[in-house]
Amino acid sequence: MKSLLLIGWRTLTKPSGYYSLGALVIGGFIAGIIFWGGFNTALEVTNTEAFCISCHEMENNVYEELKTTIHFTNRSGVRATCPDCHVPHNWTSKIARKMQASKEVWGTIFGTINTREKFLVHRRRLAENEWRRLKANDSLECRNCHNFDYMDFTAQSERAAYQHSTALASGEKTCIDCHKGIAHKLPDMKGVEGW
Amino acid sequence: MKDLKLVSIAGLIALLSTLFLAPILTSFTVHAADKAERNTVATLRDHTEIDSQKEPNPIPKVINNDIKKARNYPMQPPVIPHTIRSYEVNKYNNKCMSCHSRHRTEKSQAPMVSVTHFMNRDGNFLAEISPRRYFCNQCHVTQLDAEPLVENTFIDMHSLMKQKTANTTEH
């Protein structure tokens with residue numbers, strides 16, 4: 001085992017005896033494009049709604065609930081897909097989230113929430129994960145589309161304009177503090193602040 | 001003698017026939033009147049033939065101006081002056097109560113649910129709203145920005161009494 005590793009290490013450290021520097025550089029460059037491109041393509045595939053709802057846990061529970069909300073169908077036809085809200089858009093945070101999501105692969109293999117009843121049992125915990133994430137990043141995924149700077153308070157209802165121009169503007173509250181359960185049904189909210 | 005008998009029999013038959021036929025005849029006329037009346041009442045289908053599908057009317061908007069509407073009578077449940085789209089009221093949550101419950105009104109400045117909502121059926125006050133008052137939409141509803149389908153002839157007690165006093169002072 002040790003000698004095998006040693007052979008590998010020697011191959012890496014010794015200069016090439018057969019291939020030209022040009023071939024190695026160009027070959028390395030092309031391989032880099034293929035690997036990096038392939039990695040990102042694979043990453044993007046896992047970042048689509050079709051991929052999310054390929055698991056029945058997602059399709060039969062959260063996706064079904066999303067369908068009735070304004071984030072699925074509305075007057076202007078702009079809609080949010082799963083990753084728009086549940087996956088950060090900048091690269092490092094996205095990779096971090098994807099690593100966390102490996103827990104979800106575990107869940108689907110072992111059937112942690114493979115029935116509606118099991119899902120409902122876990123719903124509060126799962127919702128709290130998302131609330132905590134959005135609270136920590138100041139509702140970044142909401143703000144990817146809903147930009148505070150371009151909100152027209154005159155077009156909002158009186159109550160909405162009041163809350164947005166006070167609590168939200170001062171940074172005292174963030175979107176998720178009030179807008180819980182806007183895309184999916186709520187868990188039992190006993191003990192949640194503001195309920 | 002025989003003639004008299006005949007006359008009396010004819011009379012009896014006439015009497016019986018009117019007795020039996022009259023209700024049938026009147027029932028016919030009543031049914032006809034019902035039908036005519038039914039056809040004049042405006043419906044969402046707008047007299048569309050039963051075997052055809054009407055192009056649906058546009059869905060009116062929910063009034064969302066937060067302005068209190070007058071109640072038509074003192075016991076009327078106040079109507080909701082805002083949208084309640086996707087407000088959950090079920091065994092786990094009551095979204096309405098996140099603003100209208102006693103301990104949330106200071107923050108929300110929304111009207112508190114009335115004290116009657118804390119009473120159980122025996123009139124005893126509970127700490128929280130009574131389960132029989134839990135489902136807000138059983139009594140409280142939003143209003144739509146739509147023309148009424150039928151004219152409303154309701155006159156509230158106040159106007160009625162005013163009318164009456166006006167009439168009595170005239171005499």
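Counting from 1, residues in each chain are numbered in the order their sequence is written. Labels are handed out in written order, letters beginning with A for the chains and numbers beginning with 1 for the ligands. Only residues with pLDDT of at least 70 get local features here, since the model is predicted, and only at 80 or more are side-chain atom pairs given and counted; chain-wide, interface and lining totals rely on the full set of residues.

## Re the overall build of chain A
Of the regular secondary structure elements, chain A holds 11 helices and zero strands. Under the scheme used here, helices are H or I runs from DSSP no shorter than 4 residues and strands are E runs no shorter than 2 residues, and both carry numbers assigned from the N terminus. Listing the helices and strands of chain A from first to last along the sequence gives α-α-α-α-α-α-α-α-α-α-α. With C-alpha atoms as the basis for the radius of gyration, the globule rule is written as 2.2 Å multiplied by the number of residues raised to the power 0.38. Taking 2.2 N^0.38 as the reference for a compact globule, 195 residues should give roughly 16 Å; the C-alpha atoms of chain A span a radius of gyration of 23 Å, well beyond that estimate. Dimensions of chain A along its principal axes, counting C-alpha atoms only, are 75 × 40 × 30 Å. Buried, partly exposed and exposed are defined by the number of other C-beta atoms within 10 Å of a residue's own C-beta, namely 20 or more, between the two limits, and 12 or fewer respectively, with C-beta atoms placed from the backbone. A total of 195 residues make up chain A; the buried ones form 10% of that total.

## Remarks on the overall build of chain B
Assigned secondary structure in chain B consists of four helices and zero strands. Starting at the N terminus and ending at the C terminus, chain B contains elements arranged as α-α-α-α. Out of the 171 residues in chain B, the part that is buried amounts to 5%. Note that contacts rest on C-beta atoms placed from the backbone: two residues are in contact if these are within 7 Å. Nonlocal contacts in chain B, meaning residues at least 24 apart in sequence, comprise 42% of its contacts between residues at least 6 apart.

## Description of the environment of Q109 of chain B
All names here are of chain B. For Q109, the location among the structural elements is in the loop between α3 (105–108) and α4 (157–170). Under the C-beta neighbour-count criterion, Q109 is labelled exposed, with 10 such atoms within 10 Å. Counting along the chain gives 25 residues from Q109 to Y134, while the straight-line C-alpha distance between them is 20 Å.

## Quick look at the confidence of the model for chain B
Residues and elements named next belong to chain B. Per residue, pLDDT measures the predictor's confidence, with a range of 0 to 100. Averaged over chain B, the pLDDT score is 80; the fraction of residues at 70 or greater is 74%. Looking at the elements of chain B, mean pLDDT is at its lowest for helix α1 (residues 2–40), recorded as 52, and at its highest for helix α2 (residues 97–100), recorded as 93. Here residues 21–29 is a poorly scored stretch, pLDDT under 50, and it has zero contacts once near neighbours within four places are set aside; other chains count. Predicted complex metrics record ipTM = 0.75 and pTM = 0.74.

## Focus on the confidence of the model for chain A
Across chain A, pLDDT averages 91, with 100% of residues at or above 70. Helix α11 (residues 175–178) of chain A holds the highest mean pLDDT among the elements of chain A, 94, whereas helix α1 (residues 2–13) of chain A holds the lowest, 88.

## Quick look at helix α4 (residues 56–66) of chain A
Residue and element names in this part refer to chain A. Restricting attention to buried positions, one finds in α4 the residues E57, M58, N61 and L66. Along the axis of α4, the buried positions cluster into a sector of 125 degrees, meaning they face one direction only. The inward-facing, buried residues of α4 contact α3 (49–52), α7 (102–110) and α8 (116–136). Within this analysis, the arc is defined by the directions that extend from the helix axis to the C-beta atoms.

## Description of the interface of chain B and chain A
Tallying the contact residues gives eight residues for chain B and 12 residues for chain A. Three classes are used, and their members are as follows: Ala, Val, Leu, Ile, Met, Phe, Trp, Tyr, Cys and Pro are nonpolar, Asp, Glu, Lys and Arg are charged, and the others, Gly among them, are polar. In the side of chain B that touches chain A, the residues fall into one nonpolar, five polar and two charged.

## Overview of unusual backbone geometry
Unlike most non-glycine residues, S139 of chain A shows phi in positive territory, near 55 degrees. Assignment of secondary structure puts S139 of chain A in the loop between α8 and α9 (140–143). Positive phi, normally seen in glycine, also occurs at D66 of chain B, with a value near 60 degrees. Relative to the helices and strands, D66 of chain B resides in the loop between α1 and α2. D66 of chain B sits in the partly exposed class, given 14 other C-beta atoms within 10 Å.

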